[in-house]
Amino acid sequence: MSAHRNSAEHSPPRILILGAGGHGRVVLDILLHGGDREVVGFLDNNAEIHGRRVDGVPVLGGIDSLEKIAVRERVDGVIIAIGDNGVRRGLARTVQRLGIELITAVHPTAAIAHNASLGRNVVVAAGAVVCANCQVGDSVILNTGCIVDHQTMVGEGSHICPGVRIAGRVKVEPGVFVGIGATVVPKVTLGCEAIIGAGAVVLHDVPPMATVVGIPAKPIKRAVADEEIAAMFLPASVGQTA
Ligand SMILES: CC(C)(COP(=O)(O)OP(=O)(O)OC[C@H]1O[C@@H](n2cnc3c(N)ncnc32)[C@H](O)[C@@H]1OP(=O)(O)O)[C@@H](O)C(=O)NCCC(=O)NCCS
């Protein structure tokens, strides 16, 4: 249910896009192609573009003004067009706490299997293909021309970049970034917040937070040590001294 009911019963839902950068322009284009929603404006934290227009749509203010602007503009829904996975996921929770509906945008040239599921705040760009029985979590970006094959799960807040090919029965955990043109073979798991380099070919499971590149994909760095990752999954009391 939308927090701000549209006064005109049959007018299209009024939408705000959070983020007026390159991805914001892509999301605007998808919504315009759909033709069944009215984009009333962008919000963006870059004060230099407030009051200007991006692709003909006004930038109404900063994202911290969301609540006020959503009421003033009688907004029915919001979509977050920010490429950074962590920022996008965090902001989605804020929007939900405010009681504002998060919408999903699917380009009319994308092909989504009848039994695939898409969460909220998902962007499916032009030419993307989502095959049978796929599950796509909230705040995922399936970018231009990517392929997600049968029974693959894409976790919350992941970004599958343009031209990526993910085979069947792959598990993409939350917050994963799969770089442009990468390929992932069947049944592997990409651990949470892993980064797959542009053009990589992933043949084996990738640990959480690892960055892998190349053909076949190999790690280049670990942002967090194994012990720190293990500690994240322990109860708070474990390891504390009396
Ligand atoms: C993987 C990636 C995130 C690494 O970025 P980074 O942490 O800044 O790493 P660096 O650029 O310092 O590179 C580290 C090493 O990995 C190599 N490397 C980086 N990316 C690589 C890639 N995609 N394939 C092969 N090797 C790569 C570099 O050549 C460098 O090697 P060296 O140490 O021998 O010189 C980045 O290179 C990448 O591929 N990003 C994808 C961007 C993308 O797809 N954007 C689309 C947005 S829609």
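Our subject in this report is the structure included herewith.

Conventions and cut-offs
- Residues numbered from 1 in each chain as written.
- Predicted model: local features only at pLDDT ≥ 70, side-chain atom pairs only at ≥ 80, totals over all residues.
- Heavy atoms only, no water.
- Salt bridge = Lys/Arg side-chain N within 4 Å of Asp/Glu carboxyl O.
- Buried < 20%, exposed > 50% of the residue type's maximum accessible area, 1.4 Å probe, protein only.
- Pairing = 2+ DSSP bridges.
- Helix = DSSP H or I, 4+ residues; strand = E, 2+ residues; numbered from the N terminus.
- Contact = heavy atoms within 4.5 Å.

1. What about the pattern of salt bridges?
In step 1: Per the counting criterion, the structure on display carries 8 salt bridges.
In step 2: A salt bridge links glutamate 73 to arginine 72; the shortest N-O distance between them is 3.2 Å.
In step 3: A relative accessible area of 18% means that glutamate 73 is categorised as buried.
In step 4: The network of salt bridges with shared partners includes Arg14, Glu38, Arg72 and Glu73.

2. Thoughts on the sheet that holds strand E10 (residues 129-130)
In step 1: The strand order across the open sheet built from 6 strands is E7-E10-E13-E16-E19-E22, with neighbouring strands paired in parallel fashion. The two strands at the open ends of the sheet, each matched to only one other strand, are strand E7 (111-112) and strand E22 (201-202).
In step 2: Taken together, the 2 bridges between strand E16 (residues 165-166) and strand E19 (residues 183-184) define a ladder with parallel strand orientation. The partner of arginine 165 across the bridge, within E19, is threonine 183.

3. Details of the environment of proline 219
In step 1: Note that proline 219 resides in strand E24 (residues 218-222).
In step 2: Assessed through its relative accessible area of 57%, proline 219 is described here as exposed.
In step 3: In this structure proline 219 touches Thr211 and Val212, once residues within four positions along its chain are discounted.

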